[in-house]
Amino acid sequence: MKHFFKGAIVVAGVTIAMMVIHIIINMVCSKNGIDLNSTALSMVSTFIGVFSAISIYDRWIKNEK
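What you are looking at is a predicted structure, and each value in this text was computed from that prediction instead of being measured. (Residues numbered from 1 in each chain as written. Predicted model: local features only at pLDDT ≥ 70, side-chain atom pairs only at ≥ 80, totals over all residues. Heavy atoms only, no water.)

*Asks:* Could you give me a rundown of the overall build of the chain, with the residues and numbers involved?
*Replies:* Within the chain one finds two helices and zero strands. A globule of 65 residues ought to have a C-alpha radius of gyration of about 11 Å, yet the chain, at 15 Å, is considerably larger. For the chain, buried positions account for 15% of its 65 residues. Accessible surface, the chain: about 5,200 Å² in total, of which carbon and sulfur atoms supply 72%. (Helix = DSSP H or I, 4+ residues; strand = E, 2+ residues; numbered from the N terminus. Rg over C-alpha atoms; globule rule 2.2 N^0.38 Å. Buried < 20%, exposed > 50% of the residue type's maximum accessible area, 1.4 Å probe, protein only. Areas by Shrake-Rupley, 256 points an atom, 1.4 Å probe, with all protein chains shown as cover.)

This is the structure we're talking about:
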């Protein structure tokens, strides 16, 4: 059960961080007149979020193995 909670904490943290990064990128790009393709940006941020969540979780539970 504690692995579930650790996974949930990692996913929540990565999701919040990715949302903040996405908001900052959109603000900077819209100020400079750059129109982002939201589908491509969403796919890239999803892959980055998933891989970073997996690596953070693996490092966190490495000590228990």
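So, next bit.
*Asks:* Which residues make up helix α1 (residues 2-31), and what are the values?
*Replies:* Over its 30 residues, α1 runs 44 Å from end to end, which matches the ideal 44 Å to within 8%, given 1.5 Å per residue. Along α1, the residues that are buried comprise Lys 6, Gly 7, Val 10, Val 14, Met 18 and Cys 29. At the exit of α1 stands Gly 33, carrying a positive phi of roughly 80°. (Expected span 1.5 Å × (residues − 1).)

*Asks:* Could you give me a rundown of the side chain of Lys 6, with the residues and numbers involved?
*Replies:* Within the secondary structure, Lys 6 is located in helix α1. By relative accessible area, Lys 6 is classed as buried at 15%. When near neighbours in sequence (up to four residues on either side) are disregarded, Lys 6 contacts Tyr 57, Trp 60, Ile 61 and Glu 64. (Contact = heavy atoms within 4.5 Å.)

*Asks:* Describe the packing of aromatic side chains, listing the residues and the values that go with them.
*Replies:* Per the stated rule, a full pass over the model turns up one aromatic pair. Here Phe 4 and Phe 5 contribute two aromatic rings whose centre-to-centre distance is 5.7 Å and whose plane-to-plane angle is 65°, an arrangement assigned as edge-to-face. Given the relative accessible area of 57%, Phe 4 is considered exposed. (Phe/Tyr/Trp six-rings, centres within 6.5 Å; stacked < 30°, edge-to-face > 60°.)

*Asks:* Would you mind going over the environment of Cys 29 in detail, with residue names and values included?
*Replies:* Tracing the chain through its elements places Cys 29 in helix α1. Leave out the neighbours within four places in its chain, and Cys 29 touches Ile 34 and Leu 36.

*Asks:* Account for the environment of Val 10, with residues named and values stated.
*Replies:* If you trace the backbone, Val 10 turns up in helix α1. A sequence separation of 46 residues divides Val 10 from Ile 56, and the C-alpha atoms of the two residues are 7.1 Å apart. Filtering out sequence-adjacent residues up to four positions away, Val 10 remains in contact with Ala 53, Ile 56, Tyr 57 and Trp 60.

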